[in-house]
Amino acid sequence: MPLVSIIIPVYNAEKTIDRCVDSVLNQTYKDFELLLLDDGSTDGSGGICDGYAKKDPRIRAVHKENSGVSDTRNQGIAMAKGEYLQFLDSDDWLMPNGTESFVRAVTSCPCDMVIADFYRVVGERVSQKGDIQREGVIDREEYAVQMMQKPADFYYGVLWNKFYKRSVIENYGIKMDTAINWCEDFLFNLEYVRHISRVYVLRVPVYYYVKTKGSLVTQGLSVKKTIQMKRTVFAYYNAFYKDVFGEEEYEKWKGRIYGFLLDAAGDGTVLSLSGTGSCRLGDERGNVSESVQQGEGVFFDLYRERQLWEKLFDTVAVRHSMTAVDVKVLYFLNQQYKGCTEKETAAVLNLSRMALSAALQRLLALKLLIPPPRQDRRMKGEYTDREKQQEDKKKAAMKEYRVTQEAEEILSELLFLEQVLYGGFSKEEIETYEMLDEKRRKNIKAALRI
């Protein structure tokens, strides 16, 4: 029996289904079955599903009359044989290690569900989304408290950034509510979490969500029908907290719980100045492939070390709602390098001068940098001609910013790199390595002067 059942409802998705299914077949984790449920498509989607099923025995293609995504998912759950369930939408796709990340999390620590970060895709832009800021296992009560911060956020509402135990769903008869077509995923999740005790929070993006879905407005529903559905969803939401907290504790949180009525469902728009920022699709950080990990030679060594640094910058940035570029620039300035011009600094950091300048402005706004003092003696007529010439030469130089204590605390998390590089080394071996590496650096510097 496969460990994982991956369920994909398909409806008129001939333009995107190949990308979606291929992302599943290219997973680093292979022990899965894939259920392609054609919900009465009128385009070529059904034939595409059949083509995949003929090529791979792990795939089952099922054709049914159109009954909506909720009923289709229920049928997929009933057909599934895996111990764990994973869901995709046909116009989205998975990171290459998405399923493996879920499996590793659920098998490393006893838990009943995994919830992960995801990438939000709008056109050619992509941004990372995740609400719970620390990785690891949390109990049901803490999950509920975290959800109160952004109750209608996609992070908590959708199925595709979560990993479920099929036994929990079967034992408690949990199903998608086919009577509503707004927040039905959220109701499923509320019911599921009611019956579990531990959730693993995975701070790794596993999924690409494409911003093409409609809203209640675009569905053409009447105002009366919309209000009825929202009342139904809130009744579930309110009952969930009474069940998790109990009556006495519920009263303490009641005001926050009712905040759900004022919140709007959102997919996690990330502002460039306060969130993790966005980048062009394809530039987001991915794991280094196995072949590159094992590659030999100077180019592989340089690439792996660069990727390790970038991964650390990304990790620290996500924890502190910054961009990876911000962390990189902050780390550079904390090293107290002097003498570089702004152009040289940008080149060393592999950034454009515009990107460097933008990062400096963000760091100043976040109060992680102290700007250099301004000393404009020229206005007072105190400059000699020689001093004026020297000052003009300094204009191109990088200003000497100082990092704040809060910034130093953030950057201290990058000390993890030393633990990685020197793992298994004795103190004497580290000292010997550093001495020999210093000689090597001197040789490189000397060679560059030739």
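The coordinates are above.
This write-up is about the structure you can find in this document. The written sequence of each chain sets the order in which its residues are numbered from 1. Note on the predicted model: pLDDT of at least 70 is required for a residue's local features to be given, and 80 or more for side-chain atom pairs to be given and counted; whole-chain, interface and lining totals, by contrast, use all residues. Side-chain measures here rest on the full set of heavy atoms in the structure, leaving out hydrogens and waters.

## Details of the nonpolar core
Going by this rule: We call a set of buried Ala, Val, Leu, Ile, Met, Phe, Trp, Tyr and Cys residues a nonpolar core when their side-chain atoms join them within 4.5 Å. Classification of residues uses two cut-offs on accessible area relative to the type maximum, computed with a 1.4 Å probe and protein chains only: under 20% is buried, over 50% is exposed, and between them is partly exposed. Contact between two residues is taken to exist if any of their heavy atoms lie within 4.5 Å; hydrogens are not considered.
With 82 residues, the main nonpolar core has Tyr143 and Tyr241 as its most contacted residues. Excluding residues that lie within four positions of it along the chain, Tyr143 makes contacts with Met113, Ile115, Ile132, Ile138, Tyr156, Lys162, Val193 and Val199. By size, the runner-up hydrophobic cluster in this structure holds 26 residues, among which are Phe313, Leu356, Ala359 and Tyr401.

## Structural notes on a positive patch on the surface
Which entries qualify depends on this criterion: Only residues whose relative accessible area exceeds 30% and that form no salt bridge are eligible for patches; like-charged ones are grouped when within 9 Å, while nonpolar side chains (Val, Leu, Ile, Met, Phe, Trp, Tyr) are grouped when within 5 Å. Accessible surface is estimated by sampling points in the Shrake-Rupley manner with a 1.4 Å probe; for residues, cover comes only from the protein chains shown. Counted as salt bridges are all cases of a side-chain nitrogen of Lys or Arg within 4 Å of a carboxyl oxygen of Asp or Glu. Neither His nor the chain termini are counted; the positive set is Lys and Arg, and the negative set is Asp and Glu. For charged residues, the charge sits on one atom: NZ in Lys, CZ in Arg, CG in Asp, CD in Glu. Working definition: helices are DSSP H or I runs of at least four residues, strands are E runs of at least two. Numbering for both runs from the N terminus.
Positive charge collects at one region of the surface, where Lys439, Lys442, Lys445 and Arg449 lie side by side. Within the fold, Lys442 resides in helix α19 (residues 427-449). The exposure class assigned to Lys442 is exposed, which follows from its relative accessible area of 51%.

## Topic: the pairing of strand β4 (residues 84-87)
When a strand is regular, its side chains alternate between the sheet's two faces. In plain terms, the rule: We call two strands paired when DSSP finds no fewer than two bridges between them.
Of the two faces of β4, the one holding Tyr84 and Gln86 and the one holding Leu85 and Phe87 are both buried throughout. Pairing of strand β1 (residues 4-10) with β4 involves four bridges; the strand directions are parallel. Note on β4: the bridge partner recorded for Ile6 is Gln86. As paired elements, β4 and strand β9 (residues 162-165) share two bridges and run antiparallel to each other.

## Overview of the side chain of Asn189
Using the following cut-off: Here a polar contact is recorded for every N or O atom pair within 3.5 Å, except that within protein the pair must consist of a potential hydrogen donor and a potential acceptor, and residues adjacent in sequence are included only if both atoms are side-chain atoms.
By the element assignment, Asn189 lies in helix α8 (residues 184-194). Note on Asn189: relative accessible area 2%, which makes it buried. Looking at Asn189, its side chain comes within polar contact range of the main-chain oxygen of Val158, at 2.9 Å. Once residues lying within four places of it in the same chain are set aside, the contact partners of Asn189 are Tyr156, Gly157, Val158, Leu159, Lys162 and Tyr164.

## Thoughts on a nonpolar patch on the surface
A contiguous nonpolar patch, built from Val298, Phe299 and Leu302 and spanning about 360 Å² of accessible area, is present on the exposed surface. One can find Val298 in helix α12 (residues 298-319).

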